[in-house]
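Here is what each chain is made of, one letter per residue.
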Amino acid sequence: MDIVSLVITFVLAGLMLYLLVRLPLAILGNLRAGHRFREGLAGALEELRLSRMLKYLGIDQAEYLHKRQALEIRQHMERCDACDAKSRCDQVLEKDTAVETDALGFCANIDDLKTIRDPR
């Protein structure tokens, strides 16, 4: 084996070792960043009536944040924040007894939330 082949072999072996170390570190970094992003999303969700509506409809908030795409959650949050029926929403959410989802027609997110609650 000549010297060039030996050098190329060591360079390739070094690159493979670098990839074997660097790839898991990059994956862990991405997982941590995703977790921080979801925590921030959860915090922003708690500030809106949407979090109470999820509980009211029996939708687990942690599962909602985990299974739904961030874009969809942001759209729900924006609709909730821009809603004109906030006082009506507060009245409904203060009641202990759940009403039919048909009576929640004022909610801008009710159609999406019904499909999340009862997927078919």
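As shown above, the structure is provided for reference.
This one's a predicted model, so the numbers in the text were calculated from it and none came from an experiment.

*Asks:* For this particular structure, what's the right way to read the overall build of the chain?
*Replies:* When helices and strands are tallied, the chain shows 6 helices and 0 strands. In the chain, the succession of helices and strands from N to C terminus is α-α-α-α-α-α. In terms of overall size, the chain is more extended than a compact globule, its C-alpha atoms giving a radius of gyration of 24 Å where 120 residues would be expected to give roughly 14 Å. Dimensions along the principal axes, computed over C-alpha positions, put the chain at roughly 80 × 30 × 20 Å. The buried share among the 120 residues of the chain stands at 26%. Counted over contacts in the chain with a minimum sequence separation of 6, partners at least 24 positions apart contribute 66%. Total accessible area on the chain is roughly 8700 Å²; 58% of this is exposed by carbon and sulfur atoms. With 17 positive and 18 negative side-chain charges, the chain shows a spacing of 2 Å between the two charge centroids.

*Asks:* Is there a simple way to think about empty space enclosed by the protein in this case?
*Replies:* Left-over empty space is what a probe sized like a water molecule reveals as it rolls over the atoms. According to the stated counting rule, one finds 1 cavity of 30 Å³ or more in the structure shown. Put simply, the largest cavity is a space of about 100 Å³. Mapped by element, the contributors of at least two residues to the lining of the largest cavity are helix 2 (49-56), helix 4 (70-81) and helix 5 (86-94). In terms of residue count, helix 2 provides more of the lining of the largest cavity than any other element does, 3 residues in total. Across the lining of the largest cavity, the residue classes tally to 9 nonpolar, 1 polar and 3 charged.

*Asks:* I'm lost on the state of the cysteines in this one. Help?
*Replies:* In a disulfide, the sulfur atoms of two cysteines are covalently bonded to one another. In this structure the tally under the stated criterion is 0 disulfides. Not engaged in a disulfide, the cysteine Cys 83 finds its nearest cysteine sulfur in Cys 107; these two sulfurs lie 6.6 Å apart. As a non-bridged cysteine, Cys 107 has Cys 89 as the owner of its nearest cysteine sulfur, 6.1 Å distant.

*Asks:* Help me out: how do you make sense of the environment of Tyr 64 in this one?
*Replies:* Note on placement: Tyr 64 falls in helix 3 (residues 61-67). Tyr 64 gets classed as buried once you look at its relative accessible area, which sits at 2%. Note: C-alpha distance between Tyr 64 and Ser 87 (23 residues apart in sequence) is 25 Å.

Cut-offs and rules
- Residues numbered from 1 in each chain as written.
- Predicted model: local features only at pLDDT ≥ 70, side-chain atom pairs only at ≥ 80, totals over all residues.
- Heavy atoms only, no water.
- Helix = DSSP H or I, 4+ residues; strand = E, 2+ residues; numbered from the N terminus.
- Rg over C-alpha atoms; globule rule 2.2 N^0.38 Å.
- Buried < 20%, exposed > 50% of the residue type's maximum accessible area, 1.4 Å probe, protein only.
- Contact = heavy atoms within 4.5 Å.
- Areas by Shrake-Rupley, 256 points an atom, 1.4 Å probe, with all protein chains shown as cover.
- Lys, Arg positive; Asp, Glu negative; His and termini not counted.
- Charge placed at Lys NZ, Arg CZ, Asp CG, Glu CD.
- 1 Å grid on protein atoms, 1.4 Å probe; cavity = no way out; pocket = protein on both sides within 12 Å on 5 of 7 lines; lining within 4 Å.
- Points joined across faces, edges and corners; volume = space filled by probe spheres on them.
- Nonpolar A, V, L, I, M, F, W, Y, C, P; charged D, E, K, R; others polar.
- Disulfide = S-S within 2.5 Å.

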